[in-house]
Amino acid sequence: MNAWEVLVQQTINGLTRGAVFALIALGYTMVYGIIELINFAHGDVFMLGLFISLSWFTLLGVTKTLTGWQLLTILPLVFILTMLTTAALNVAIDRVAYRPLRRSTRLAPLITAIGVSFMLENLALLWKGPAPIAYPDVFPSVDILREWFGVDSAIFVTTKDVLVVGATIPLMIALNYFVTRTRWGKAMRATAQDRETAQAMGINVERTILLTFFVGGALAGAAGLIQGIYYNIGMWWMGYQAGLRAFTAAVLGGIGNMPGAALGGLFIGFLSAWSDQYISARWTNAIVFSILILVLVFRPQGLLGARSADKV
Amino acid sequence: MRVLRVTTAVALFLGLVGLVAVADAQQCPKGKLRLYTSWPMQGAMLPEGTGMKNGVDLAVSEVNGVVAGFCLEIVSLDDASPQTGKWDGAVEAENANKAVGDPLAIVYIGTYNSGAAKVSIPITNRAHMAQVTPANTYPGLTKKRGAAPGEPEIYRPGGFVNYFRPIPADDIQGAVAAKWAKHLGVKKVFVLNDQELYGKGIADVFEATAKKIGLPVVANEGIDWKQPDQKPVLTKVRASGADLVYMGGVIETGAQVIIRQMKEVGLVAPRTRFMGPDGLLEEELLKGATCDAALGTEMRITFAGLPFEKMRGVGAKTYETYKTKYGKEPTSYALYAAEGGRVIVDAIRRAAPQIEKAKDVTEKREAVRKAIASTKNFEGINGKWSFDENGDVDYDTMSGFKIVKADGPVGCKFQFETILE
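Criteria and thresholds
Residues numbered from 1 in each chain as written. Chains lettered and ligands numbered in written order. Predicted model: local features only at pLDDT ≥ 70, side-chain atom pairs only at ≥ 80, totals over all residues. Heavy atoms only, no water. Contact = heavy atoms within 4.5 Å. Buried area = accessible area lost by both parts, 1.4 Å probe. Salt bridge = Lys/Arg side-chain N within 4 Å of Asp/Glu carboxyl O. Polar contact = N/O pair within 3.5 Å; in protein donor to acceptor, adjacent residues only side chain to side chain. Helix = DSSP H or I, 4+ residues; strand = E, 2+ residues; numbered from the N terminus. Disulfide = S-S within 2.5 Å. Core = buried A, V, L, I, M, F, W, Y, C linked by side-chain atoms within 4.5 Å. Buried < 20%, exposed > 50% of the residue type's maximum accessible area, 1.4 Å probe, protein only. Domains from an automatic or database assignment. Nonpolar A, V, L, I, M, F, W, Y, C, P; charged D, E, K, R; others polar.

Draft legend 1. Local environment of the interface of chain B and chain A. In this assembly, 30 residues from chain B lie in contact with 33 residues from chain A. Across the chain B/chain A interface, buried area totals approximately 2,700 Å², and carbon plus sulfur atoms make up 53% of it. When the area that chain B buries against chain A is broken down by residue, the three leading residues are Pro232(B), Arg238(B) and Glu264(B), summing to 19%. One salt bridge connects Glu264(B) with Lys160(A), and the closest N-O pair in it is separated by 3.8 Å. Linking chain B with chain A are 16 residue pairs in polar contact (both at pLDDT 80 or more), by the criterion used here. Where the side of chain B that touches chain A is concerned, the elements lending two or more residues are strand E8 (217–222), helix H7 (231–240) and helix H8 (251–264) of chain B. Of all the elements, H7(B) adds the most residues to the side of chain B that touches chain A, at 7 residues.

Draft legend 2. A look at the state of the cysteines. Residue and element names in this part refer to chain B. If you walk through the whole model with that rule in mind, you get 2 disulfides over all chains. Residue Cys28 pairs covalently with Cys71 via a disulfide, S to S 1.8 Å. One disulfide, between Cys28 and Cys71, carries an S-S torsion of -95° and so falls in the left-handed class. Pair noted here: Cys28 is in the loop between helix H1 (2–24) and strand E1 (32–38) and Cys71 is in strand E3 (residues 70–77), with a separation of 43 residues, a long-range link.

Draft legend 3. Structural context of the nonpolar core. Within the largest apolar cluster, 121 residues are counted, with the highest numbers of intra-cluster contacts made by Phe57(A), Tyr98(A), Leu192(B), Phe274(B), Leu286(B) and Met299(B). Counting residues in each nonpolar core, the second largest holds 46 residues, with Leu33(B), Ala347(B), Ile355(B) and Phe387(B) among its members.

Draft legend 4. Summary view of the domain arrangement of chain B. Residue and element names in this part refer to chain B. Taken domain by domain, chain B consists of domain 1 (2–168 + 308–385) and domain 2 (171–304 + 398–420). A C-alpha centroid distance of 34 Å is found between domain 1 and domain 2. The partner domain 2 presents 9 residues to the 11 residues of domain 1 that form the contact. Between domain 1 and domain 2 the total buried area reaches about 900 Å² when both faces are included, carbon and sulfur atoms providing 69% of it. Our count for the domain 1 to domain 2 interface comes out at 1 salt bridge. Across the salt bridge formed by Lys143 and Asp171, the nearest N and O atoms sit 3.2 Å from each other. Looking at the side of domain 1 that touches domain 2 residue by residue, the classes come out as 6 nonpolar, 1 polar and 4 charged.

What follows is the structure, encoded as structure tokens:
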């Protein structure tokens, strides 16, 4: 591998890694935008998304790699089922843990969020046990350059890489359309800007918040499923770590700002992959968080935080 | 068949002789000495706990329970808490205190878990009582290599060594693995570690040994094992042109992810192979989708000591005796418990005059502790060995395992490949 091939390969690695961060970060940023709550349980909803998607695959009798038409039927079906399950879970969490505290201090729901996070982790621990769980290799992994195009390159791009990007980008576009072009999205934006005024204008604020949790949970579920398919492994404690990275991404992009969260996720993905290559894996976390501190010192609103007018 | 019947007859006869001898020994001209054992004896640990107890029994029954006129009595304690079924620091401390408080107790045998040993060693040390483990392999209990700051001194409040292990510590695996890699024709190694005590300790020793024997090491990188995506690190490995990845870690700390993703970035044999320590010698690692990748990387693993069925001399004989006596295969550490028992019996025999002359129980224990520490050229199950100044064995006999295809739901398994010395 020459230096250019290494750079290209690491950039591809960063892209896939960052896409998953971005999907989780979107859920963080949406909830923050609307009720100014840092939802610490969000990473754990993502983790449960992986476990739940595995259960759906098992229920549908999938244990081996999907082929042909199955990819077009079973895979989208599991996507939808998983997203619905985690969306319902997220709504239930809001109903039980956050909604009763809607009018209390901002610190109260933050603490309950940490509590919910622990509860979900322990729930997963009880459910699947402490060992890492193996996720079946449901998606065929094909070395695209070599097997489809016959190019003998040192660079590896597999169908799984394409799946991650190919599933993430449509989700982000759909979300963007939903928030900026639909009536419900408009209600969300209005609620985010000024809850009281929105209510006075006849917007059902509670239903809008519920919708936000629903969409955020669905995205976390999709991210969990993608992670499972891509890495074939799941751990009960992985939500905390992923949540932390995604939260960083959301803050980096400007918390409350959706394109910012997506950008922040990708940025952290690239940064950590390059750092693994050019510095050392053991410094990667330190570097990612140093950049975060630098950004916050010189640009406290985050990379795209200035566009607060259409903040959601 | 005839041979079998003869062996059974001989075994029965020996058993009878043993019984008679035990009855005779009740006289105990020089009194009684107690050996305390402490390890989990319940739940999932019951088979291993029983196996180790059988091992100690075997050693004591070989001398019919009497050494130089002293009768030996085994007191078997359980250091697991009934609530969790796992070892518990409070229970272990209670056990050690019980042993120390018994005026007839001479040696403490245990523990199974290195964490439990951290609790009991200082207690037995203050009482000058020797502690012999059949199973602890954490290096920091006896030496600085692969240890946390302050170890092993914090376990020796008396300033002397009272803890001995007739089983090789983990760090030795790193050294043996480096030599094995060179022997296999590896040209350049990329070392990864999980930044934990066990994994990093072994990886560091591997790196040092490899450099010493002229095997180039590209890097010794600590990975963030909580990150399920190790492709960037593995891309770096690929760019470096290394033909072996050595990973210091256990199955919980990312080895599974590393092996699977090695295949995904094209790091497979003959281009690049994988090697690791016995923390990875678990079937759990192979379950799910790991078999293909493990076979692709020609995964190899070092294992401290020899598998029982490959043992020679004393080891082979002990293995047969155990099977005959207890009617089943020894558990992982059962024969090391037998070895520990024999070391103690041998030490008591050598220390007998001092034990007799001793004014109090502390002097008796001190005499035995010194005798154990001076164990030299002991005919052990893995060959001849001596205790070094840390209380560790000085041999580095290991076995090498390699992944092979297998029938059954998992699809592959680890198979003994070679003896490493």
